[in-house]
Number of protein chains: 2
Amino acid sequence: MLRIQPFWQAKHSQIYPLLSSMEEKQLLSSHWVQQSDKPDKKIYAITEKGMQKLREWMYQPIAPAVTKDELSLRTFCLWLAEIGIAVDIFEDRRIGYLEKKRYYEQILEGIPEETRELGSKAFSNYVLATKGLMMAETELKWCDWVLDLLKQQQRSTASKHGRTNFETLS
Amino acid sequence: MLRIQPFWQAKHSQIYPLLSSMEEKQLLSSHWVQQSDKPDKKIYAITEKGMQKLREWMYQPIAPAVTKDELSLRTFCLWLAEIGIAVDIFEDRRIGYLEKKRYYEQILEGIPEETRELGSKAFSNYVLATKGLMMAETELKWCDWVLDLLKQQQRSTASKHGRTNFETLS
DNA sequence: ATTTCCATGTAATGTGTTACATGATTCC
DNA sequence: GGAATCATGTAACACATTACATGGAAAT
């Protein structure tokens, strides 16, 4: 759940029933593992039948990505907010993108170069994390670009009108 | 619906009931427009009350973006597919990203530079389309990078083993 | 006439979230 | 002893999709 979290979010309340139903269909098997420091946990493993299903799935057509991006929605309506709020929004998001970038950098650091051979699991993770890193870097670049545009205007109008409203500028 | 489609997908069956309920709450108003060539259509406009709600919404905390990206999910499992299929997947997606890039380029062409003043609706669209373009370019770059890695290996092993399976390489 | 596209909607179903619930273990 | 964390689960609700349904207008 945590590993696919960057590109497919899901809560535990969705996953537990899913695991159960997949076990019923014999795509997964499970066993309990005792832990002394923490409550016991149930470990699921994919079965041969599950593997086959998974392999079949790899050859199915890929559905286009679905996104629900509130920041873009806000950007779409940016003209009706004060410029100061716009700056706040993007400075806030800048931090988020920076964290995201660091997250992927750490993942990549955890995949030694010699293990990144084509066809290995490490290769898949390497390719995926690289995408995450590239996207985060681009988002960061965009954020900085927007902030530049906003602050430029903010500086040049601050002395004349005081607080500048987006709406009044349009 | 079409305009926010790149960052917030929704079907008409979801939107029609939403519009109705928003009109009931007097956030929207509507009127029918007769069309001679096509069936009549209902035009919704935001009310002053709706505008106020929208402005309030601009100051609310922004929820993190939600994605369901099947391509990333496939990439995550790339190690269990044949290399040829991997190439197919990424070449296919490459086309998609190219179209996406062209889509945003066209949008940007439709926003004349002189209208891109800070605080205007055109500015919001400009900022948003720029993000779309930057992201599409990055996705394209990633795609090409992956294809390069895949094809390198494909060429170097083709003569020796014929068809190469990812799994056998790991 | 039949098919296709535009436009608006509803119904059944599926997916996903929030909130609730339990119990073990550790920390203060 | 009480709060915090880990782990597993369920129930009620909200959100979203697919499929169904209707009817006007245009194209073949």
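These numbers come from a predicted model, not from an experiment.

A. Broad picture of the overall build of chain A. Looking only at helices and strands, one finds six helices and three strands in chain A. When its helices and strands are written in sequence order, chain A yields α-β-β-α-β-α-α-α-α. Computed over its C-alpha atoms, the radius of gyration of chain A comes to 23 Å, more than 25% above the 15 Å expected for a compact globule of 170 residues. If you line up chain A on its principal axes, its C-alpha atoms span 70 × 45 × 40 Å. As displayed, chain A offers around 10,300 Å² of accessible surface, 53% of which is attributable to carbon and sulfur atoms. Each charge sign in chain A was given a centre, from 24 positive and 23 negative side chains, and these centres are 3 Å apart.

B. Looking closely at the UniProt feature "domain: Transcription regulator PadR C-terminal" (unreviewed entry) in chain A. Mapped onto the present numbering, the UniProt feature "domain: Transcription regulator PadR C-terminal" (unreviewed entry) falls at residues 67-151 of chain A. In residues 67-151 of chain A, helix accounts for 76% and strand for 2%; the two terminal C-alpha atoms are 29 Å from one another.

C. Expanded view of unusual backbone geometry. Although it is not a glycine, A:Gln26 sits at a positive phi angle of roughly 60°. Relative to the helices and strands, A:Gln26 is located in the loop between α1 (12-24) and β1 (28-33).

D. How the structure looks around the protein's contact with DNA strand C. Residues in close proximity to DNA strand C total 17 residues, the closest being A:Ser13, A:Gln14, A:Asp37, B:Tyr16 and B:Lys42. Counted by atom, the contact set of DNA strand C within 4 Å of the protein is 64% sugar and phosphate. Between A:Ser36 and DNA strand C, the recorded distance is 3.3 Å, taken from a backbone N or O atom to a phosphate oxygen. Of all elements in the fold, only α1 of chain A together with α1 (12-24) and β2 (41-46) of chain B reach the threshold of two or more residues within the surface near DNA strand C. In terms of residue count, the dominant contributor to the surface near DNA strand C is α1(B) (three residues). Classifying every residue of the surface near DNA strand C by side-chain character gives four nonpolar, six polar and seven charged.

E. Layout of the interface of chain A and chain B. Counting residues at the interface gives 67 residues for chain A, matched by 67 residues for chain B. For the pair chain A and chain B, the two sides together bury roughly 7,300 Å², of which 71% comes from carbon and sulfur. At the junction of chain A and chain B, the tally comes to two salt bridges. In this structure, B:Lys131 engages A:Asp69 in a salt bridge whose closest nitrogen and oxygen atoms are separated by 3.4 Å.

Rules and cut-offs
Every chain's residues receive numbers from 1 upward, in the order its sequence appears when written. In the order they appear in the text, chains get letters beginning with A and ligands get numbers beginning with 1. Thresholds applied to this predicted model are a pLDDT of at least 70 for local features of residues and 80 or more for the giving and counting of side-chain atom pairs; totals over whole chains, interfaces and linings are not thresholded and use all residues. For side-chain calculations, the full set of non-hydrogen atoms in the structure is used, while hydrogens and water are omitted. Numbering of helices and strands runs from the N terminus; a helix is a DSSP stretch of H or I covering at least four residues, while a strand is a stretch of E covering at least two. What the globule rule says is 2.2 Å times the number of residues to the power 0.38, and the radius of gyration is computed from C-alpha atoms. Values of accessible area rely on a 1.4 Å probe in the Shrake-Rupley scheme; residue burial ignores everything except the protein chains shown. Neither His nor the chain ends contribute to the count of charged residues, in which Lys and Arg are positive and Asp and Glu negative. Every charge is mapped to an atom, namely NZ of Lys, CZ of Arg, CG of Asp or CD of Glu. UniProt positions are given in the numbering used here, feature names are shortened, and annotations may be inferred rather than shown by experiment. Throughout this document, a residue counts as near a molecule or strand when at least one of its heavy atoms sits within 4 Å of that molecule or strand. Pairs of N or O atoms within 3.5 Å make up the polar contacts considered here, provided that, within protein, one atom can donate a hydrogen while the other can accept it, and that residues adjacent in sequence are counted only when both atoms are side-chain atoms. In this classification, the charged set is Asp, Glu, Lys and Arg, the nonpolar set is Ala, Val, Leu, Ile, Met, Phe, Trp, Tyr, Cys and Pro, and all remaining amino acids, among them Gly, are polar. Contacts between residues were defined by any pair of non-hydrogen atoms, one from each residue, lying within 4.5 Å. Accessible area, probed at 1.4 Å, shrinks when two parts are joined; the buried area is that loss added up over both. Only one rule defines a salt bridge in this text: a Lys or Arg side-chain nitrogen within 4 Å of an Asp or Glu carboxyl oxygen.

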